[in-house]
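Observations on the model geometry
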Amino acid sequence: MPEMKNLLFFPSNSVTAVPKPRLNIATMDIVLLIIGFFCCVIGIFGSFLPVLPGPPVSWLGLLLLVLTSAVPNDWWLVVITGIVALVVVALDYWIPATVTRTFGGSRAGMIGTTLGLLVAIIFRVLGIAGIVIWPFIGAIIGELINKTGHKQALRAAFGSFVGFLTGTFLKFVVSMVYLGIFIFRAWDYRAGLFPFLS
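As a convention, each chain's residues are numbered from 1 in the sequence order in which they are written. For a predicted model such as this one, the threshold for reporting local features is a pLDDT of at least 70, and the threshold for listing and counting side-chain atom pairs is 80 or more; totals across whole chains, interfaces and linings nevertheless cover every residue. To obtain the side-chain values, all non-hydrogen atoms of the structure were included, while hydrogens and water were left out.

1. Description of the overall build of the protein
- Along its length, the protein carries 8 helices and 0 strands.
- In the protein, the succession of α and β elements from N to C terminus is α-α-α-α-α-α-α-α.
- Taken across its 198 residues, the protein has 35% of its residues classed as buried.
- It only takes one pair of heavy atoms within 4.5 Å for two residues to be counted as in contact. Within the protein, contacts between residues at least 6 apart in sequence are counted, and of these 69% link residues at least 24 apart.
- Values of accessible area rely on a 1.4 Å probe in the Shrake-Rupley scheme; residue burial ignores everything except the protein chains shown. Here the protein displays about 12600 Å² of accessible surface, and carbon together with sulfur accounts for 76% of that area. For the purposes of this entry, the term helix denotes a DSSP run of H or I that reaches at least four residues, the term strand denotes a run of E that reaches at least two, and both are numbered from the N terminus. Only protein chains enter the accessibility calculation, which uses a 1.4 Å probe. A residue is then buried if its area is under 20% of the maximum for its type, exposed if over 50%, and partly exposed in between.

What follows is the structure in structure tokens.
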């Protein structure tokens, strides 16, 4: 009986706690892969939407891919693509402003261009052609509000439109390249990323 009491009131220290379930490495790799892919896709949309920095978001997708256990840590790739993303962001501010000033455009024209693009994306008026037409119309309206002469407003609107397209095209190309790098790297190491398929 004393031994029974000891067992009841003084439990043995040999009892081990049941470990909590944790995500295994393969599952974590899949999570990083999915989030990274969505970052690359969002980065492409960010090339057109002013509220999203396209190339930096796409670069974040590449970083998440490199952080998986299946893909080797290619930090040269991460550093170089990160620098390119920062340079593109800087050029996205410098190129449109320079081109706009060259044609005599103003900030009002750039704002009108951005609003025109949002109209084309949200309401989808005129289909794919609206992505080109509405930003130009928005630039004209913005310059007409800011300028007095119609001829000067048209010229300035063209400058605002060209500057906007140049920056947008640059961001789009870089974001597409980053998506391509992501897909090819994921495909090269698919055996490690998707061990359950082999």
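2. Quick word on the layout of surface pockets
- A cavity here means a set of 1 Å grid points, computed over protein atoms only, where a 1.4 Å probe fits but cannot escape. A pocket is an open set with protein on both sides within 12 Å along at least 5 of 7 lines, and lining residues have an atom within 4 Å of a point. Grid points are joined across faces, edges and corners, and a volume is the space filled by probe spheres set on the points. The calculated volume of the second largest pocket comes to roughly 170 Å³.
- Surrounding the second largest pocket, 10 residues form its lining, Phe48, Ile131, Leu165, Thr168 and Phe169 being those nearest its centre.
- Mapped by element, the contributors of at least two residues to the lining of the second largest pocket are α6 (130–146) and α7 (150–188).
- Per-element tally for the lining of the second largest pocket: the top contributor is α7, with 5 residues.
- In the scheme used here, Gly and all other residues not listed as nonpolar or charged are polar, with Ala, Val, Leu, Ile, Met, Phe, Trp, Tyr, Cys and Pro taken as nonpolar and Asp, Glu, Lys and Arg as charged. Taken together, the residues that form the lining of the second largest pocket break down as 9 nonpolar, 1 polar and no charged.

3. Some thoughts on the environment of Ala85
- By the element assignment, Ala85 lies in helix α4 (residues 75–102).
- Look at Ala85 and you get buried, because its relative accessible area is 3%.
- Along the primary structure Ala85 and Trp59 are separated by 26 residues, whereas in three dimensions their C-alpha atoms are 7.0 Å apart.

4. Thoughts on helix α2 (residues 25–46)
- Helix span, expected: 1.5 Å multiplied by one less than the number of residues in the helix. Helix length check: α2, at 22 residues, gives a terminal C-alpha distance of 31 Å against a target of 32 Å (1.5 Å per residue), a fit within 8%.
- Of all the positions in α2, only Asp29, Ile30, Leu32, Leu33, Gly36, Cys39, Cys40, Gly43, Ile44 and Gly46 are classed as buried.
- Those residues of α2 that are buried are in contact with α3 (54–66), α7 and α8 (190–193).

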